[in-house]
Amino acid sequence: MTIGAVLPLSIRGSYDVDDLGRTEILFKSLAAFSEPNLFSKFLVVTPPEEVSEVTRRLEKWSQFNPVVMSEEVLVPELAKYPEMRGWRKQQIVKLAAQKEFSDDFYITFDADVICLKPLTLNKLIVDGKALIQYEQRSQHAKWWKASSRLLKMSSNIGDTEIGMHVTPAILSTKLARQVADEISTLWRKNWVDAICSLHNPKHPNNWRISRFLQLKWTEYSLYYMCALKKANLDEFHVTAGTKEIPQLLLIHDSHPYETWDTAHSFSDKCPGMFCVVGSKSRIEPDEVWRRISQYIP
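Predicted model only: the values in this text are computed from it and were never measured.

Undergrad: Talk me through the pattern of salt bridges; I want residue IDs and the actual numbers.
TA: One pass over the structure, following the stated rule, counts 12 salt bridges. One salt bridge in this structure joins K41 and E100, with 3.9 Å as the shortest N-O distance. Of this pair, K41 sits in strand β2 (residues 39-46) while E100 sits in the loop between α4 (86-96) and β4 (105-108), and the two are 59 residues apart along the sequence. The partner of R56 in a salt bridge is E53, and the shortest N-O contact between them spans 2.8 Å. In this pair, R56 and E53 both sit in helix α2 (residues 51-58), 3 residues apart, roughly one turn of the helix. Residue classification places E53 among the partly exposed residues on the basis of a relative accessible area of 31%. Overlapping salt bridges bring together E24, R57 and K60 as one network.

Undergrad: Please provide a residue-by-residue account of the packing of helix α1 (residues 19-33) against helix α12 (residues 285-292), values included.
TA: Taken N-terminus to C-terminus, the directions of α1 and α12 make an angle of 25°; their axes are 9 Å apart at the nearest point. One way to sum up the angle between α1 and α12 is to call them roughly parallel. Handedness of the α1/α12 crossing: right-handed. Only P285, V288, W289 and I292 of α12 make contact with α1, whose side of the interface consists of G21, R22, I25 and K28. Among the residues making up the contact of α1 with α12, the classes are represented as 5 nonpolar, 1 polar and 2 charged.

Rules used in this analysis
- Residues numbered from 1 in each chain as written.
- Predicted model: local features only at pLDDT ≥ 70, side-chain atom pairs only at ≥ 80, totals over all residues.
- Heavy atoms only, no water.
- Salt bridge = Lys/Arg side-chain N within 4 Å of Asp/Glu carboxyl O.
- Helix = DSSP H or I, 4+ residues; strand = E, 2+ residues; numbered from the N terminus.
- Buried < 20%, exposed > 50% of the residue type's maximum accessible area, 1.4 Å probe, protein only.
- Axes fitted to C-alpha atoms, helices over the stretch in contact; angles between N-to-C directions.
- Parallel < 35°, antiparallel > 145°, perpendicular 65-115°, else oblique.
- Left-handed = near helix turned anticlockwise from the far one by under 90°.
- Contact = heavy atoms within 4.5 Å.
- Nonpolar A, V, L, I, M, F, W, Y, C, P; charged D, E, K, R; others polar.

Written as structure tokens, this is what we have:
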């Protein structure tokens with residue numbers, strides 16, 4: 001059994017930083033820590049004009065089976081919405097990636113993710129179910145409400161205190177497909193068109209308050225709320241960070257960067273398998289690598 005992986009990538013990211021350089025750090029850490037043949041395919045999705053350069057730069061990571069694809073090949077509908085922000089396109093890409101995998105699950109990455117310790121399939125998939133990590137819904141209350149409106153359901157479902165955590169996350173290919181099918185059915189159009197059309201400020205339909213209240217969707221809030229609506233989340237996921245399953249997908253020890261206890265994050269005392277040194281920090285990849293390289297075998 002293997003797991004898929006998807007990474008939306010722009011050479012220069014949203015904050016005009018070297019995200020391709022950050023990706024090198026991600027791959028270096030995965031090369032050090034991930035078990036052989038963990039990934040069936042590592043799908044890297046870029047703007048059309050960047051496919052050649054990214055392909056060239058990632059050739060040396062052949063052990064991960066990288067496949068570089070234009071975002072408009074993966075999601076042809078995006079060509080109709082040039083006004084969509086890159087951040088939004090990345091979210092759509094993470095859901096659309098399900099059609100490229102034959103695996104039961106795939107893991108989502110961003111360029112600023114770093115692997116912290118030995119990574120095996122049985123740490124990510126436990127008894128046939130993928131880890132899911134939670135956070136308080138109150139941290140991003142608008143995500144859950146907006147996604148519920150898009151899915152035409154109540155947000156008062158399940159444990160209303162918690163929601164799904166962010167990247168890196170493990171998605172079920174079936175549940176990701178379920179989101180696309182549900183939105184397409186509810187809105188009677190392709191799911192990408194349904195979502196992207198919300199973000200056209202010139203369209204008269206978007207001048208209504210009801211449309212405005214749907215804008216704060218995210219890929220994970222749509223995925224999670226749709227699974228709650230269909231009552232099948234527990235068929236595919238098991239909770240991370242419990243007594244029985246202590247490992248966490250993501251820890252936040254790297255923030256603030258200046259006081260990051262790097263040695264602790266890479267140690268067995270830390271339950272996190274990944275951390276993020278966010279692009280927002282504008283810390284250059286060379287500085288991040290200088291900070292962590294001594295912990296990468």
